[in-house]
Amino acid sequence: MNSIVAIVGRPNVGKSTLFNRLVQRREAIVDSVSGVTRDRHYGKSDWNGKDFSVIDTGGYSIGSDDIFEEEIRKQVKLAIEEADLIVFVVNVEDGITPMDAEVAKLLRKVKKPIFTVVNKVDNAMREPDAVEFYNLGLGEYFTIASINGSGTGDLLDALVAEMPEPEPIDIEKEALPRFAVVGRPNAGKSSFINALIGEERNIVTDIAGTTRDSIDTKYNRFGFDFNLVDTAGIRKKSRVKEDLEFYSVMRAVRTIEYSDVVILVVDATRGFEGQDQSIFWLAEKNRKGVVILINKWDLVEKETNTTRDFEAMVRKQIQPFTDVPIIFTSVLTKQRIFKAIETAVEVFQNRKTKISTSKFNDTMLEIVKTYPPPATKGKYVKIKYCMQLPTLTPQFAFFCNLPQYVRDPYRRFVENKLREIYNFSGVPITIYFRQK
């Protein structure tokens, strides 16, 4: 389970610049999660062999003219509640402001590692000016210049030192697939889990390090054997929309990282909305298997092509990763819920698919020979060898003379051919072109 680092502070102190600096170390894509107050950013980073997630929160402010001020404050508090480590960013140019003092007052009550970061210390002359931040009562501080990366190495060293070592793998438990059931509130997620488990659940244990009310249930019925990861307790709709959606994504981040396959439950009466897309892309970027369940299908008025049109709409929204099983269910009537689990098991098996190098070369080299990459600037790319990499998720390397001239359309062509020949339904795959 990766640790989650939340970056907090008042507006305009350089939080987003620091966020970009951290995630770009791995060239991770910054995800702008739509439907939440101001764009929330989620990214992946690593340092000294430890992976972790980074969340850039909105600026904590009091008494501003911003109509979203209250919602931003709620989101900062939720991030503090859910994160494992907190980076509090201040600005050496402004010194301690009343808003900095308010955030520090909030953080002094938190029983988690707090890292005070004094930003914009881009030369030695500014180092003495940072001393006043001891007055915040949060102990030692780090001086950085997030715009050029100065000082971030020491900060990262301290961050990963506070992160727990990976827990020893329980071989018996690890052998079982982990299915995470995620989705927007009121999509039927809990009803789906209840319909599956009933009163015959075997083992329910609290998973250390996950959201307080996530549970891992061992499920063994009808020939299926897996761990079902449930996120209970997503807040009720009495909360404001922004608060609710931010909270659900925070829960999804943790649950998705702990899973092998993500079962995304969608409310058919509401369509495939922005929040559903956000959770889908979180799963894809974490390289998890995905099954989409369109629930409450019994409540939708149907015509001849209703199912086909709805499925086409969803696939358009999730392009280019469209090779995903979509199942129309009604949890209330238990329609196709076991088909959903059957499909999730198949996706889990697809994710573990291993192709021998000799067979892979025989198949794929013939294809790339017939359909080579288009010439660029008079240069011809010649692919000589290919193989599946020894990774947990399907990744493939194609060795050629000029990998820099292979463009994205050809990568998609190769991926599509791979999916035509081998069954990777529901599984993100990664293709690399490397120098021979």
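Located above this text is the structure these notes cover.
Conventions used here
Residues numbered from 1 in each chain as written. Predicted model: local features only at pLDDT ≥ 70, side-chain atom pairs only at ≥ 80, totals over all residues. Heavy atoms only, no water. Helix = DSSP H or I, 4+ residues; strand = E, 2+ residues; numbered from the N terminus. Contact = heavy atoms within 4.5 Å. Polar contact = N/O pair within 3.5 Å; in protein donor to acceptor, adjacent residues only side chain to side chain. Patch = residues over 30% accessible without salt bridge, like charges linked within 9 Å, V, L, I, M, F, W, Y side chains within 5 Å. Areas by Shrake-Rupley, 256 points an atom, 1.4 Å probe, with all protein chains shown as cover. Salt bridge = Lys/Arg side-chain N within 4 Å of Asp/Glu carboxyl O. Lys, Arg positive; Asp, Glu negative; His and termini not counted. Charge placed at Lys NZ, Arg CZ, Asp CG, Glu CD. Buried < 20%, exposed > 50% of the residue type's maximum accessible area, 1.4 Å probe, protein only. Axes fitted to C-alpha atoms, helices over the stretch in contact; angles between N-to-C directions. Parallel < 35°, antiparallel > 145°, perpendicular 65-115°, else oblique. Left-handed = near helix turned anticlockwise from the far one by under 90°. Nonpolar A, V, L, I, M, F, W, Y, C, P; charged D, E, K, R; others polar. Pairing = 2+ DSSP bridges. Right-handed = clockwise from strand over helix to strand, strands pointing away. Core = buried A, V, L, I, M, F, W, Y, C linked by side-chain atoms within 4.5 Å. Domains from an automatic or database assignment.

K.L.:
Outline the side chain of Thr393, supporting the account with residue identities and numerical values.
P.N.:
Within the secondary structure layout, Thr393 lies in the loop between β15 (383–388) and β16 (395–400). Not counting the four nearest positions on each side in its chain, Thr393 is found in contact with Arg287 and Arg351.

K.L.:
So what about the side chain of Asp100? Which residues, and what values?
P.N.:
Relative to the assigned elements, Asp100 resides in helix α3 (residues 98–107). Only 3.0 Å separates the side chain of Asp100 from the side chain of Arg10, close enough to count as a polar contact. With near-sequence residues (within four places) excluded, Asp100 lies in contact with Arg10, Phe88, Val90, Gly95 and Leu136.

K.L.:
Outline a positive patch on the surface, supporting the account with residue identities and numerical values.
P.N.:
The grouping of Lys77, Lys105, Arg108 and Lys109 at the surface amounts to a positive patch. Assessed through its relative accessible area of 42%, Lys77 is described here as partly exposed.

K.L.:
Break down the packing of helix α11 (residues 357–370) against helix α12 (residues 408–421) for me, with residues and values.
P.N.:
Put simply, α11 and α12 touch, their axes get as near as 11 Å, and they point 135 degrees apart. The angle between α11 and α12 places the two elements in the oblique class. Classified by chirality, the crossing of α12 by α11 is right-handed. On α12, the residues that touch Phe360, Thr363, Met364, Ile367 and Val368 of α11 are Tyr410, Phe413, Val414, Lys417, Leu418 and Ile421. By residue class, the composition of the contact of α11 with α12 is 9 nonpolar, 1 polar and 1 charged.

K.L.:
Any chance you could break down the pairing of strand β12 (residues 261–267) for me, citing the residues and the numbers?
P.N.:
Most of β12 is tucked away: 7 of the 7 residues are buried. Alternating residues of β12 divide into Val261, Ile263, Val265 and Asp267 and Val262, Leu264 and Val266, and every residue in both groups is buried. Across 7 bridges, the pairing between β12 and strand β13 (residues 289–295) is parallel. Bridging from a neighbouring strand, Val266 pairs with Ile294 of β13. The parallel pair β12 and β13, bridged by helix α8 (residues 274–285), forms a crossover whose chirality is right-handed.

K.L.:
Quick rundown of the nonpolar core? Include the residues and the values.
P.N.:
Counting residues in each nonpolar core, the largest one holds 33 residues, and the members touching the most others are Phe280, Ile292 and Ile294. If you tally residues by element for this core, the top one is α8, at 5 residues. The residue makeup of this core includes at least three contributed by each of domain 1 (4–162) and domain 2 (178–352). The residues contacting Phe280, other than those within four sequence positions of it, are Leu264, Val290, Ile292, Ile318, Phe321 and Val324. Phe179, Leu196, Phe224 and Leu228 belong to the second largest nonpolar core, which has 25 residues in total.

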